Amino acid sequence: MKNLVDDSLPEFLRSARKRVGAYLLLSGVLIALIVYLVVNTISLTKTLSEDARVYAADIMQRTERDVVSRLSSLDDRATGLAMGFRMVPDDYLGEFLDRLNESSNRFDGILLLDEQGVIAQSGSLVKGVVEWAEGLQDPFDGPHIASMTGKDFVICVPVTGSARPMALVCQQKQSDLNQALDGVLFDNLCFSCIVDGTGSVVVMPNNPLPIDEYKAISDPETKEHFVEILEGVDREAGDTDDRDFIITQLPNPMGDDTFMACIPLEYGDWYLMTFVPVSLFTRHAELYIQHYWAPILLACIVFGVLLVTIWRDHYKSVTELTNMLYVDPLTGGLTDAAFQKRARDLAKANEGEPYRVVCFRILAFHNVNEHYGADIAYAMIKEIHEALCEKVADDELVARSERDRFYLLVHAHDLDVLQGIVDDLVAAMRAAAEKVAPMGSFTVAQGCCSAAEEHENIRLLEDRAARAASYSERLGRCVFYCVDLDEKIEREIVLDQSYSQALASGQFEVYLQPKMGIRAGCGMAAEALVRWNHPDLGMVSPGEFIPLFERNRRISSLDTYVFETVCKMIADWNRGDEFAGMPVSVNLSRVCLIDQGLDIIDDLAAIKDRYGIPDGQIGIEITETVSLDFELFGLMRDVVARVHQHGMTCSFDDFGFGYSSLSLLKDLEFDAIKLDRHFFMGDTERAWKIIESFVSMSHSLGMAVVAEGVEDPEQVEHLKRLGCDYIQGYVYSRPLPQLDFERWADQHGGTGAQSGDSE
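The following paragraphs examine the structure supplied in this document. No experiment lies behind these values; they were computed from the predicted model shown. Numbers given to residues run from 1 along each chain, matching the order in which its sequence is written. Per-residue local features of the predicted model are confined to residues with pLDDT of at least 70, and side-chain atom pairs are confined, for both listing and counting, to 80 or more; whole-chain, interface and lining totals are unaffected and use all residues. Only hydrogens and water are set aside; all other atoms, that is, all heavy atoms of the structure, feed into the side-chain values.

**Section: the overall build of the protein chain**
Numbering of helices and strands starts at the N terminus; helices are DSSP runs of H or I of at least 4 residues and strands are runs of E of at least 2. Looking only at helices and strands, the protein chain features 24 helices and 25 strands. Think of it in three bands: residues with accessible area under 20% of the maximum for their type are buried, residues over 50% are exposed, and the middle band is partly exposed, with areas taken using a 1.4 Å probe on protein chains only. Out of the 759 residues in the protein chain, the part that is buried amounts to 45%. Any two residues whose heavy atoms approach within 4.5 Å at even a single point are treated as in contact. The long-range share in the protein chain, meaning contacts at least 24 apart out of those at least 6 apart in sequence, stands at 64%. Carbon together with sulfur atoms contributes 51% to the accessible area of the protein chain, which is approximately 37100 Å² in total. Each accessible area is a Shrake-Rupley estimate made with a 1.4 Å probe; only the visible protein chains count as cover when residues are assessed.

**Comments concerning the pairing of strand S13 (residues 405–411)**
Among the seven residues of S13, seven are classified as buried, and the element is accordingly described as predominantly covered. Any two strands are treated as partners once DSSP identifies two or more bridges connecting them. Where strand S11 (residues 355–362) and S13 come together, seven bridges link them in antiparallel fashion. Counterpart to Arg356 in the pairing with S13 is Val410. As paired elements, strand S12 (residues 397–402) and S13 share five bridges and run antiparallel to each other.

**Section: the packing of aromatic side chains**
Each aromatic pair joins two rings of Phe, Tyr and Trp (for Trp, the six-membered one) with centres within 6.5 Å, and gets the label stacked for planes under 30 degrees apart, edge-to-face for over 60, and tilted for any other angle. Evaluation of the coordinates by the stated rule reveals 13 aromatic pairs. The interplanar angle of 25° and the centroid separation of 6.2 Å between the aromatic rings of Trp573 and Phe741 together place this pair among those described as stacked. Linking Trp573 in helix H15 (residues 555–574) with Phe741 in helix H24 (residues 738–747), this pair joins segments that are 168 residues apart in sequence. Charge-over-ring contacts are defined here by two conditions on Lys NZ or Arg CZ: a distance within 6 Å of the ring centre and an angle within 35 degrees of the ring normal. In this structure, Arg531 is placed above the aromatic ring of Tyr511, and the distance from its NZ or CZ to the ring centre is 5.8 Å.

**Points about the sheet that holds strand S2 (residues 117–123)**
The sheet built from five strands is open, its strands ordered S2-S1-S5-S4-S3 with antiparallel pairing. Strand pairing shows two members of the sheet lacking a second neighbour, S2 and strand S3 (144–148), which therefore form its edges. Pairwise comparison of adjacent strand axes, ignoring direction, gives a mean angle of 20° for this sheet. By the bridge criterion, six bridges tie strand S1 (residues 109–114) to strand S5 (residues 166–173) in an arrangement that is antiparallel. Residue pairing across strands places Asp114 opposite Met166, the latter belonging to S5. Only the contacting stretch of a helix is used when fitting its axis, a line to C-alpha atoms as for every element, and angles between N-to-C directions run 0 to 180 degrees. Strands S1, S2 and S5 of the sheet are contacted by helix H2 (residues 93–104), whose axis makes an angle of about 35° with S2.

**Some remarks on the sheet that holds S12**
Across the sheet, five strands lie side by side as S12-S13-S11-S14-S15; this open sheet has mixed pairing. Where the open sheet ends on each side, the last strands, each with one partner, are S12 and strand S15 (479–480).

**A look at the state of the cysteines**
When the sulfur atoms of two cysteines come within 2.5 Å, that pair is taken as a disulfide. This model, assessed by the stated rule, comprises zero disulfides. Here Cys448 stays unpaired: no disulfide links it, and the sulfur of Cys478, its closest cysteine neighbor, is 5.2 Å away.

As structure tokens, this is what we get:
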């Protein structure tokens, strides 16, 4: 029967592999696209940010040049006025100061001070100028500059060349500096301001700040941040050669990333700060960037959908694969893999209540497949599986392992009780099979193994149960695994591996057991039996190696070898006088007939003709079990006819050992019937009456009667009186090698049977 799971699994894996490959390829393309778009977008953003950084430095430098130029001009004017006081007498200083202020018309107010303080002042001075001037530590070493009220600023320059130290303080509106700062507003997107060393803003643009939210420019926290920036101005080198400056990125102070460039001015502790938002450069590139993010978002959505599809397909594939591995497609029950897993879990969870693994194998199930077809065979397996499932308990398991093999996990019982349970299960299997198709003979090999010790390795327990089942074929009952069984199996492996060499080297020897004719006209005959003289194991019993070779299908070559050896021996006898014409029969295994049919008879006949064996001198013995096989009955009728067609005799061996049917004698024209030794074991009057009747009936049908297994001389005399034709047994001789047989036959006056004798 074809194993559907094993055949469909590779195709399933190939299909899944193709789907996964397609998904991975598409995923790779999407990932590459996303990476490209993201990298390109990030690169563009970085480029624009770097442009903003460079532009901030450029704006700052241009603004710084303009501011410094204006301050220098103011310094020059104030210095020029101060030079006029070098030669002015002290009592004329105030008048000269008023005239100078009126004539210059450049400053709003002027004052003159010496080491004692203010000497004279002129014009309108704002509050705080005098205090600022008098508070200077060294007003005579200038220039000094300061901002007053945010709208005016004052500059203090020394009066050089005077008789005593003096300084001139000039006050002027900040409009010139404000205008210089207004030039960098750029549509209110950026601006500049001047701060002092404390972080306080001293000069602002005339126009309002571009971002109303940027109130923090005068907050204490902002001043502290500015001070930290100013301290770093001297630690970093910029892009100019004359003075150091610093460019830093502010943490989103105006709602957007902003670069600030800072440079110290040449006057006092003033610093020029320029603020340039990145949006100044990105406002025209935002649409371009959005065009990048749109496909990125789309690719992410497609990738997400693809991931969901892959997950769903993976889940479906895992489910299908799980069903293939753990659900038998034919029966709908457990597969062998599922059986092992669940059996291991059950045995582990119930260590106090050990289980047993039982193996059932339906013998000759291939005949059902060949005779009725695959559909009927499938239906029968399914019906048997259902019957077993109905019989077992909820905490017991049933699984089909191979086409005709079932494994069960059942509770451990005493062996006698377990044998009864197994018999009940086999009966249920037989009844289920009969529902589907009539079965002439339904035989199940039965093996059992305890799961108490090796419950972690269920596969090992299955193998042990299967090995035990292989031995049940010859015993007709359940075989329980034991260590001795392994030893037998190891020995069988050695025998099986030695077979080919043994056949080639002549280790198989033909022994002959005489069949003494006790009825008038019956001479001596013999049955050929095979013995194995193993070089290492010694003499191996036929009861050990013949069943083995029947199971592994080697018996045909062995039977052919024995038949040809006997033909050689007969040909040698016929070239002499002493044993010429002596009939010899050879056993033919039922496996040969099952496997080869009439072909084996034709092959043996060809050997017979090659050695020139006369018709009737060599015969075939067929056991009763072959004749009683329902499916082989028609074949047996053809076999007997073909044997006769080729000039060989045919004997019915072991008659009475099983449940012989007399109807066989009506349909199968045997030349001789061999009564099994069990007929003579009781030695009762009833048994002898049956034998007498059977001998009479056989003779009336033209068949000779051979009593085999006779060991008592009194039985010989009794059989003579009943008219039995031949006696075979230890009462005359055990099986002997050819030379020993020839000596024995010579001593007992044995000669070949007369022409026409059946045996």
